[in-house]
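Read off the chains here:
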Amino acid sequence: MSSPSKRREMDLMKLMISDYKVEMVNDGMQEFFVDFHGPNESLYQGGVWRVRVELPDAYPYKSPSIGFINKIYHPNVDEMSGSVCLDVINQTWSPMFDLVNVFEVFLPQLLLYPNPSDPLNGEAAALMMRDRPAYEQKVKEYCQKYATPEDEGTSSEEKSSEEELSEDEYDSSDEQVVGKPDP
């Protein structure tokens, strides 16, 4: 059996050659970001999320830590921290799984089949069970607001402050500058 560090390198290379954009945090291979596209035929289609991955020292025997950086509205994703509630990652992880499985199977399945009975986002779970059309509309609003391809590296705090600065009161057109000359 190969060592955990060799396996980490191999899994990371497999992820990179699978056409995922991967950005390393440091020189090591333990922490990195991956651009994840919402699955086709889902409410999340067209959205792009930046996902933080942290590999524990015992990887692949211990599961990776996965979290969304930009906001996503989903019953099984904590809206504030981006933490993911996914049994296969959190409880039933096996060394047979790799990072490509996380991004090609586990996360797409999570988005396609949310589980409102085991929520990290209680509001999303309640809305999904109570008013499905309103839930779907909110998912689409979050995708448009926080998960457009140009937003993938922008945190929600950065985005909201950018939006505040771009409001009409800060308009810098020349028409507002031109006024009556001083007497």
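Residues numbered from 1 in each chain as written. Predicted model: local features only at pLDDT ≥ 70, side-chain atom pairs only at ≥ 80, totals over all residues. Heavy atoms only, no water.

Asker: Any details on helix H3 (residues 99-112)? Residues and values, ideally.
Answerer: Taking 1.5 Å as the rise per residue, H3 with 14 residues should run 20 Å; its terminal C-alpha atoms sit 19 Å apart, in good agreement. The sharpest bend along H3 comes to roughly 25 degrees, located at Phe106, with the proline Pro108 sitting one to four residues further on. Those residues of H3 that sit buried are Leu99, Val100, Val102, Phe103, Phe106, Leu107, Pro108, Leu110 and Leu111. Two or three places before Val100, at the start of H3, stands the capping residue Asp98, its side-chain oxygen 3.1 Å from that residue's backbone nitrogen. (Helix = DSSP H or I, 4+ residues; strand = E, 2+ residues; numbered from the N terminus. Expected span 1.5 Å × (residues − 1). Bend = angle between axes of the 7 residues up to and from the residue. Buried < 20%, exposed > 50% of the residue type's maximum accessible area, 1.4 Å probe, protein only. Polar contact = N/O pair within 3.5 Å; in protein donor to acceptor, adjacent residues only side chain to side chain.)

Asker: I'd like a description of the confidence of the model for the chain, backed by residues and values.
Answerer: Looking at the chain, pLDDT values average 83 and 80% of them are 70 or higher. Contacts from residues 154-181, a stretch scored under 50 in pLDDT, to residues over four places away or in other chains number 13 contacts. (pLDDT = per-residue confidence, 0-100. Contact = heavy atoms within 4.5 Å.)

Asker: Which residues make up unusual backbone geometry, and what values go with them?
Answerer: The general pattern is negative phi for most residues beyond glycine and trans for most peptide bonds. Following Tyr59, the chain continues into Pro60 via a peptide bond in cis, with omega recorded as 10 degrees. Notably, Asp19 is not glycine yet its phi reads approximately 70 degrees, a positive angle. Inspection of the secondary structure assignment puts Asp19 in the loop between helix H1 (4-17) and strand S1 (22-24). A relative accessible area of 72% places Asp19 in the exposed class.

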